[in-house]
Each structure stands twice: as structure tokens, then as C-alpha cells.
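# Geometric and topological summary
Here is how the chains run, residue by residue.
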Amino acid sequence: MSSWVERHLDELGTVERGRSRHRPRNDPSLYGETMPFFQTGDVKVSVLHMRRPQQWYSELGVAQSRVWEPGITCITIAANIADTAVLATPGCFPDSVIGFTPSKQPIDAYFVKYLLDAHRERLGNAARGTTQDNLSLEKLLSFRFQIPDAGERSVIAWTLRSIDALIENNHRRVEVLDEMARAVYREWFVKFRYPGHEDVPLTDSAQGPIPVGWKVQPLATVAQVNGSSRKPGADDVIRYLDITAMSERKIGKLTSIAGPDAPGRARRVVTPGDTVWATVRPNRRAHALVVEPGEDWVASTGLAVLTPVAVSSAFLFEMTSTTGFSDWLVGRSQGSAYPAVRPNDFEEAQVVIPEASVDAAFSDKVAPMHKLGWKLRSEASALAKLRDLLLPKLVTGQIDLSTLDVDALIEEQVAL
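These figures come from a predicted structure and were not determined experimentally. Throughout, a residue's number is its position along its own chain's written sequence, starting from 1. Local features in this predicted model are restricted to residues whose pLDDT is 70 or higher, and side-chain atom pairs enter the listing and the counts only when it is 80 or higher, whereas totals over whole chains, interfaces and linings include all residues. Only hydrogens and water are set aside when side-chain values are computed; all heavy atoms of the structure are taken into account.

This part takes up the nonpolar core. Here the nonpolar core consists of buried residues drawn from Ala, Val, Leu, Ile, Met, Phe, Trp, Tyr and Cys, with membership extended through side-chain atoms lying within 4.5 Å. Burial classes follow relative accessibility: with a 1.4 Å probe on protein chains only, a residue under 20% of its type's maximum area counts as buried, one over 50% as exposed, and anything between as partly exposed. Among the nonpolar cores identified, the biggest contains 44 residues, and Leu 9, Leu 116, Leu 135, Leu 140, Ile 156 and Ile 163 are the most heavily contacted of them. Strands are runs of DSSP state E lasting at least two residues, helices are runs of H or I lasting at least four, and both sets are numbered from the N terminus onward. It is helix 10 (residues 356-394) that contributes the most residues to this core, seven residues altogether. Setting aside its immediate chain neighbours within four residues, Leu 140 contacts Leu 9, Val 15, Ile 75, Ile 98, Leu 116, Leu 123 and Leu 135. When checking whether two residues touch, look at their non-hydrogen atoms; a contact exists if any pair is within 4.5 Å.

The following block contains the structure:
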């Protein structure tokens, strides 16, 4: 720590705002397929690198902006304050994002990312405004940080980057598994090109032609909705699954809560193989397959828990993950400000049910993908905990880098 000195960010590199001169910013002519356009939301959801934005600029969009090269640290200063990510591809970003270009050594882009991550709360407090939070370039440059020499900066950045790289790799593998599972579902149950389909003619149904032997039935005939509930006991410590932890096909971080402090909505029992769907704003498609929940998991009554009783969990999940199913829920939702669906909206959904042999073959093929995806997500969560534990200690010089064995720590954390 003796070699650490106080410095401003611009003593390590160039700090500049992104650019978006054209008004209005939502002019459709700005958007196309020419150049990635990264906004604050893209920074927020990135683990380490930004590769795939929600939008791309057209040539006109690029002309009124600026193209940044890979290796730039992006820092959000409006909407989401002090989120960071490193640009992995050439791209543009607006003036609500600041770019840090390292001048001493390229690895400083990662060091600065982790430095600001460790100081996010401090930066957020400085950004608080009466109407809207905003961290200006001037405010950011007014901060002084304790900075080690180049060698220590490299070790710190490489240590944390190695953990985040594993997390990113796990996420990419999960995305591939998800796409494979969806592709098999589409092939078998949308295009009806399942093994042996050549020998099975189609017949008319309420939902159009379907293979002979298949049926169109309400979901309630093959799955139970909200089948079990319990109130957490006084001695329980539960992991609470609520809507805020849910996104499309994904469960995020759960909150541990002592039984007496659990909210009144913590009632739903979830078991392996259940599908959980957020009942509020179904257009957001917040749902996931619960492959191996802990015995201490309790879900919110704001979630519908679908338990398969006459089909496989793999089929039930993929079937309710289709846009057709979410469109049904959106069409049944009530309330303009807070649109929500009820349990009977799930139960009454008309779904195409295959013969049991086809469902079993589908489960044999897809359930291992779901299981591996669950394992990879669990490993990523464990690695994120390790990174969050090391981050504040590393960037403040509280850990002796010469004794740090990152590989051993990773192996130990993933094995827990």
C-alpha cells in the first residue's frame, strides 16, 4: 500500500463523453445495421465486455456520433449511474456514457472498471439530484482514487478479469443450450418434424392441423397451478424468489430472509421441475424452469408455479416459454397501470399435447440441456460472489497479491 498514490482518472488515460448530436434521438433514420450502438442499459447488463447491443446505428447514425475502438471502459452517468463495461467491438455510445481510454497500459481499462465498481456507491451518492440523478464528467474527474503502480494494477485487473471471463463463458454456454432447446421444440412441436412423424398424418384441431393422437387441451389437464403453499416458520431462513429476481428464462440472485421477517407474499412452494411465471406484466416474459431448487426456496405469490402432472417438465417449460403462450397471457391480463394475470388464465390456456412417447423422447433430449444450463448458472453465481468478495479488498490494497492463488480460490468456490 506504500506505493499507492492519489490520482484522478485522467492521470491514467483520456476521459470523454460519448456523442449523439442528432435530435430527436429516436429518429428512425439513425438506426440500421451499420455499427453497434451501446446505451446505458447495455452497460448495465454486461458482466465484463459489451459485444451485442440492443440497437445498431445506420450510416446517418454513425455520422452524428463517434466510433470508439475496443478496449475502452464505458461508464454510465445518467439513468444507471456508474455501471461499467469494456467495449469488445468497435461501436458508438451516447453522451450518457463516458469512455475511458487508457494511456499508460491497455490493461488499465479493466483496472479502472473494477476501481469504479468498488466505488459505485460513492459515485452514486455524488450523482443524486432533485429531479434526476446525473454524474457529470466534471464530477467524475473531481474524484481522487488511491492507485497502485502499473505492476500492481495489472495483477489486480488480471485477477478480477480472469473470474469475469469464466462467468462470461458460462453465460455464453447457457445461451447456446437455451437456443438448442428452443430449436428442438420448434422442430418437433411447431413444425411437427419429430422422430417418426413421417408415419403420422395430420388432423384438424381447434388450433389447426396437428398429428393424429395429439390433443388440444387446457393447460390445467397437464399441469397444476400453485399447487402448494406454506408460511415460513419462526426458525426458518428462506431464500425468497420474487419477481425482481426473474427475467426471461432466468432466475437471478435470491434474497435470504429469516422466517419472521419474510413478506406476506412469501408463500409459494417450488419443487424440482416446476416452471415459474411472473403474473405481473407478462409482456416482459419473466419466467424460468426451476431445475434444482434448495429446500429453503419460497416463491412470491406474485409468481405462478406450474407443476407438471401429465407431461415432462422439459415440455411444459418450453411450451410455456413460447411467444404464443406469453401473447395469450398478455391478452388475458387486466389493469392498465399494473397489468396482471390470474391462476385461471394459466389453467385455461389451450395447448397442444403430444403423445406420451413423443414427450418422453423430447425430455430425454432436452432435459440434460436444462440441467447443464442450471449447473452453469449456479457456477457463475458462485464466481460472482468470489469476485464481489475480492473486488473491494484488491482495489484498496488489503490483499497481499504475492500470496493470492486465484485458481485455488475459483476451484474451491465452484465446488461449494
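Attention shifts here to the layout of surface pockets. Whether a set of points on the 1 Å grid over the protein atoms alone is a cavity depends on a 1.4 Å probe fitting there but being unable to get out, while an open set qualifies as a pocket with protein on both sides within 12 Å along at least five of seven lines; lining residues are those with an atom within 4 Å of a point. Grid points are joined across faces, edges and corners, and a volume is the space filled by probe spheres set on the points. In this model, the second largest pocket occupies a volume close to 390 Å³. Counting only elements with at least two residues in the lining of the second largest pocket, the list comes to helix 6 (150-190), helix 7 (313-320), helix 8 (323-332) and strand 23 (350-353). Following the grouping adopted for this structure description, the nonpolar residues are Ala, Val, Leu, Ile, Met, Phe, Trp, Tyr, Cys and Pro, the charged ones are Asp, Glu, Lys and Arg, and the polar ones are all others, Gly among them. The residue makeup of the lining of the second largest pocket, split by class, is 14 nonpolar, four polar and no charged.

Another point: the side chain of Gln 64. With respect to the helices and strands, the residue Gln 64 is situated in the loop between helix 2 (59-63) and strand 6 (73-78). Looking at Gln 64, its side chain comes within polar contact range of the side chain of Tyr 57, at 3.2 Å. Under this definition, polar contacts are N or O atom pairs within 3.5 Å; protein pairs additionally need one hydrogen-donor-capable and one acceptor-capable atom, and for neighbouring residues in sequence, both atoms have to be side-chain atoms.

Moving on, we get to the sheet that holds strand 18 (residues 266-268). When DSSP finds two or more bridges between a pair of strands, those strands are recorded as paired. Strand order in the open sheet formed by four strands is 17-14-21-18, and the pairing between neighbours is mixed. Looking along the sheet, the strands with just one partner apiece sit at the ends: strand 17 (255-258) and strand 18. Mean inter-strand twist for the sheet, computed between neighbouring axes without regard to direction, equals 55 degrees. In terms of strand pairing, strand 14 (residues 237-241) meets strand 21 (residues 297-300) through three bridges, oriented parallel. When the bridges of strand 21 are listed, Arg 239 appears paired with Trp 297. Angles shown run from 0 to 180 degrees and are taken between the N-to-C directions of axes, each axis being a line fitted to C-alpha atoms and, for helices, limited to the stretch in contact.

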